[in-house]
Amino acid sequence: MEIRDIQTAVIEANYDWTIVKVITDEDIIGYGECFFAPGLTKVIHELKPLLIGEDGRDIDRLCRLLREAGATSGSGTGGIILHAIAGIETALWDAYAKWLDVPLFRLFGGAFRKRIRIYADCHAGEGLASLSSICTPRIPWWMSRSGETENFYEIHFRAHGGLKEEAQEPVNLQAYAERAKRVKEMGYTALKFDADIPNAYMRDEFNRCLDNLEIDLIASVVEAVREAVGDDVDIAIDCHWRFSPESAVRLAEAVYPFKLLWLEDPTPPDSIDALAQVTRRSSVPIATGENHYTRQQFYDLIVRGGIQIAAPDFQKTGLLEGKRIADLAETFAIPVAPHNISSPIGTMASAHLCATIPNFLALEHHGIDVPFWEELALGWDGPIIRDGYIELDEEKPGIGIELNEDAAYRYRRKDEPFFDRLV
Ligand code: MG
């Protein structure tokens, strides 16, 4: 299974979904997806000469070569080169599983389950903003095409005016409650909201300190959501690394009565000691990991007490390192709830890996507002996510779907290559 070519395409959705396509000498094609980063496809194309002509089944060795090639650019610890490698690696696994004619989960030890629980990220209550690769609000170009700027898009892709402008808008508890109810009605048994809500009580955007009224406000949002969905739906909240340990602990105390599944990323990811202070003192379980890349980093997090639920992002870590991280977590009886903001390509790859992880809790889905999310998958009967679960199919090799390239083309980033098409 010789690697003949590696191509890329970027879909402009709520984030940039960067798709890698590996083409082999036996006409087998594999798809993978990378977590977004500025300049990402340039990195993938720079790495490509190291792979052409190689046996695409030697995946661990090839990824080691790629990591070593990026060592002086920091690939030992994280960042854009590992994002690129993660997408290439997934495409190789997809191609190899297709070559063997087996579903991907067979290559990682087989399934503990084939029905994968999905949790819905509900963002900040009102639909998703679309963010560029440097997390700047944007309106995707395809929205402005004739006939597609109807209310639906404007509601669901409302471009935000930035933290300060947003902060002046009153927080609408009813909107949070209604959104939670709608997501529950879609069949999801777990959902997540942002806890770092821009609000009028915020005194300083940068000092990581929460005032009393801010804590009360966040707690009132969680209370409204809990009342809306009842006790049979799990709720998590995400702090996006914004708070000091002290503020995070006070927030955890305030939301404790509402039985949260976890509180995510309370403090900056680069200080394990700050995280450990929170985990020691918080009654709400602390989840973290989407900004950690390697088993060594997760080992440090675990043994220093900085983590209670592991949330690696497999479009950053890659699948094999993701499995190693999950096994490490299992050694300490820590559950794994992978972070995921992908298109169906990355989501299906992650779902297959989740099937093989005994300590799996739930996989994120961040695309419930993206109108064409399901449309991007070919070779699947009906919706991929049904009643809050992905049911893996033993009969479908690889990640189980192909990319609908014609649909992807309609929502492509115009300043990026689209595989080998002239754009
Ligand atoms: Mg998060």
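Residues numbered from 1 in each chain as written. Predicted model: local features only at pLDDT ≥ 70, side-chain atom pairs only at ≥ 80, totals over all residues. Heavy atoms only, no water.

Peer 1: Sorry, what's going on with the environment of valine 233 here?
Peer 2: With respect to the secondary-structure elements, valine 233 resides in the loop between helix H7 (212–229) and strand S8 (234–238). When the C-alpha positions of valine 233 and aspartate 415 are compared, they lie 42 Å apart, and in sequence the two are 182 residues distant. Apart from the residues lying within four places of it in its own chain, the contact partners of valine 233 are Lys184, Tyr188, Thr189, Ala190, Leu191 and Arg226. (Helix = DSSP H or I, 4+ residues; strand = E, 2+ residues; numbered from the N terminus. Contact = heavy atoms within 4.5 Å.)

Peer 1: Help me out: how do you make sense of the nonpolar core in this one?
Peer 2: Generally speaking, soluble globular proteins have nonpolar side chains that are buried together. Counting 123 residues, the largest nonpolar core has Ile116, Leu191 and Val255 as its most contacted members. Here this core takes nine residues from helix H3 (residues 80–100), the largest share from any one element. Shared between two domains, this core takes at least three residues from each, and those domains are domain 1 (3–101 + 403–410) and domain 2 (115–399). Residues Ala236, Trp262, Ala287 and Ala362 belong to the second largest nonpolar core, which totals nine residues. (Core = buried A, V, L, I, M, F, W, Y, C linked by side-chain atoms within 4.5 Å. Buried < 20%, exposed > 50% of the residue type's maximum accessible area, 1.4 Å probe, protein only. Domains from an automatic or database assignment.)

Peer 1: Help me understand the packing of H7 against helix H8 (residues 245–255), please; the structure alone is not making it clear to me.
Peer 2: Working note: a packed helix pair is described by the angle between its axes plus the distance between those axes. Where H7 meets H8, the axes come as close as 9 Å, and the angle between the chain directions of the two elements is 40°. By the criterion of interaxial angle, the relationship of H7 to H8 is oblique. Note on packing geometry: the crossing formed by H7 with H8 is right-handed. Residues Asn212, Ile215, Ile218, Ala219 and Val222 of H7 form the contact with H8, whose participating residues are Arg250, Leu251, Ala254 and Val255. Considering only residue class, the contact of H7 with H8 consists of seven nonpolar, one polar and one charged. (Axes fitted to C-alpha atoms, helices over the stretch in contact; angles between N-to-C directions. Parallel < 35°, antiparallel > 145°, perpendicular 65-115°, else oblique. Left-handed = near helix turned anticlockwise from the far one by under 90°. Nonpolar A, V, L, I, M, F, W, Y, C, P; charged D, E, K, R; others polar.)

Peer 1: Mind showing me how you'd approach the domain arrangement of the protein chain here?
Peer 2: Buried accessible area, meaning the area lost when the parts come together, often serves as the stated size of an interface. For the protein chain, the assigned domains are domain 1 (3–101 + 403–410) and domain 2 (115–399). One C-alpha centre belongs to domain 1, the other to domain 2; they are set 25 Å apart. At the boundary of domain 1 with domain 2, total buried surface from both sides reaches about 3,400 Å², with 60% on carbon and sulfur atoms. For the domain 1 face of the interface with domain 2, the top three residues by lost area are Glu12, Asn14 and Phe35, together amounting to 20%. The tally of links between domain 1 and domain 2 comes to three salt bridges. (Buried area = accessible area lost by both parts, 1.4 Å probe. Salt bridge = Lys/Arg side-chain N within 4 Å of Asp/Glu carboxyl O.)

Peer 1: In this structure, what is going on with helix H1 (residues 40–47)? I would like to understand it.
Peer 2: For an α-helix the count is 3.6 residues per turn, leaving residues at separations of three or four pointing the same way. Among all positions in H1, only Leu40, Thr41, Val43, Ile44 and Leu47 are buried. When H1 is viewed along its axis, its buried side chains cluster within an angular range of 155° and face the same direction. With respect to the buried face of H1, the exposed residues turned more than 90 degrees away are Lys42 and Glu46. Buried residues in H1 make contact with strand S1 (3–12), strand S2 (16–24), strand S3 (29–34), helix H2 (59–69) and H3. (Arc of directions from axis to C-beta.)

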